[in-house]
Amino acid sequence: MIWGITLILLSIIAVPSLILSKKPNAKELLEKVEPYQGWIGLVFCFWGVWGIITAVLNLNWLSVAPIWWITLLAGNIVSAALGFMLSSGLINRLFLSKNEAARTRAEEIRAKIAPKQGKLGILGIIVGIWMIVASFMWTVT
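About the cut-offs
Residues numbered from 1 in each chain as written. Predicted model: local features only at pLDDT ≥ 70, side-chain atom pairs only at ≥ 80, totals over all residues. Heavy atoms only, no water. Helix = DSSP H or I, 4+ residues; strand = E, 2+ residues; numbered from the N terminus. Buried < 20%, exposed > 50% of the residue type's maximum accessible area, 1.4 Å probe, protein only. Polar contact = N/O pair within 3.5 Å; in protein donor to acceptor, adjacent residues only side chain to side chain. Contact = heavy atoms within 4.5 Å. Core = buried A, V, L, I, M, F, W, Y, C linked by side-chain atoms within 4.5 Å. Axes fitted to C-alpha atoms, helices over the stretch in contact; angles between N-to-C directions. Left-handed = near helix turned anticlockwise from the far one by under 90°. Nonpolar A, V, L, I, M, F, W, Y, C, P; charged D, E, K, R; others polar.

Topic: the side chain of Ser11
- Tracing the backbone shows Ser11 in helix α1 (residues 2-14).
- With relative accessibility at 0%, the residue Ser11 sits in the buried group.
- Engagement of the side chain of Ser11 in a polar contact is seen with the backbone nitrogen of Ile125, the distance being 3.3 Å.
- Contact partners of Ser11, with chain neighbours within four places excluded, come to Leu82, Gly121, Gly124 and Ile125.

Here's the deal with the nonpolar core
- In terms of nonpolar packing, the biggest core is built from 21 residues, with Leu7, Trp68, Leu72, Leu82 and Met131 touching the most fellow members.
- Listed by contribution, the elements that provide at least two residues to this core are α1, α3 (26-57), α5 (66-95) and α6 (100-137).
- At eight residues, α5 tops the list of elements feeding residues into this core.
- If we ignore the near neighbours within four places in the chain, the residues touching Leu7 are Gly75, Val78, Ser79, Leu82, Gly124, Val127, Gly128 and Met131.

Describing the packing of α1 against α5
- Here α1 crosses α5 at 30 degrees, and the two axes come no closer than 10 Å. Read as a crossing pair, α1 and α5 show a hand that is left-handed. Contacts between α1 and α5 involve Trp3, Leu7, Leu10, Ser11, Ile13 and Ala14 from the first element and Leu72, Gly75, Asn76, Val78, Ser79, Leu82, Gly83 and Leu86 from the second.
- Looking at the contact of α1 with α5 residue by residue, the classes come out as nine nonpolar, five polar and no charged.

Structure follows, in structure tokens:
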């Protein structure tokens, strides 16, 4: 259940980017929110990667509760992807700040993924709700 709750919280953070991308002053608003999104996204990216590793290490769940295993894997893939998208600005600032060409390219990529981030956030809310429901339906010990 904790996986689903954290995915929903992460998705709620990601969805405003979809709304802000429709406004003319979206760049200014995104820059104000970016430091918080970056750190939260970085944590959730690692959380999602850890969840993917957990799913792979527990392949035996496929014989006991295959729907739960698939749900766990899908939810953590969405979590890792959303976390990466949210933390891309922070990663660029921390690791690419000295290379102007790489920084420019990273800003172009960020402009392309901003609308997809909102759609993935909506998918994350749906998958997160399903993860909570599935955790009550299939308990793996």
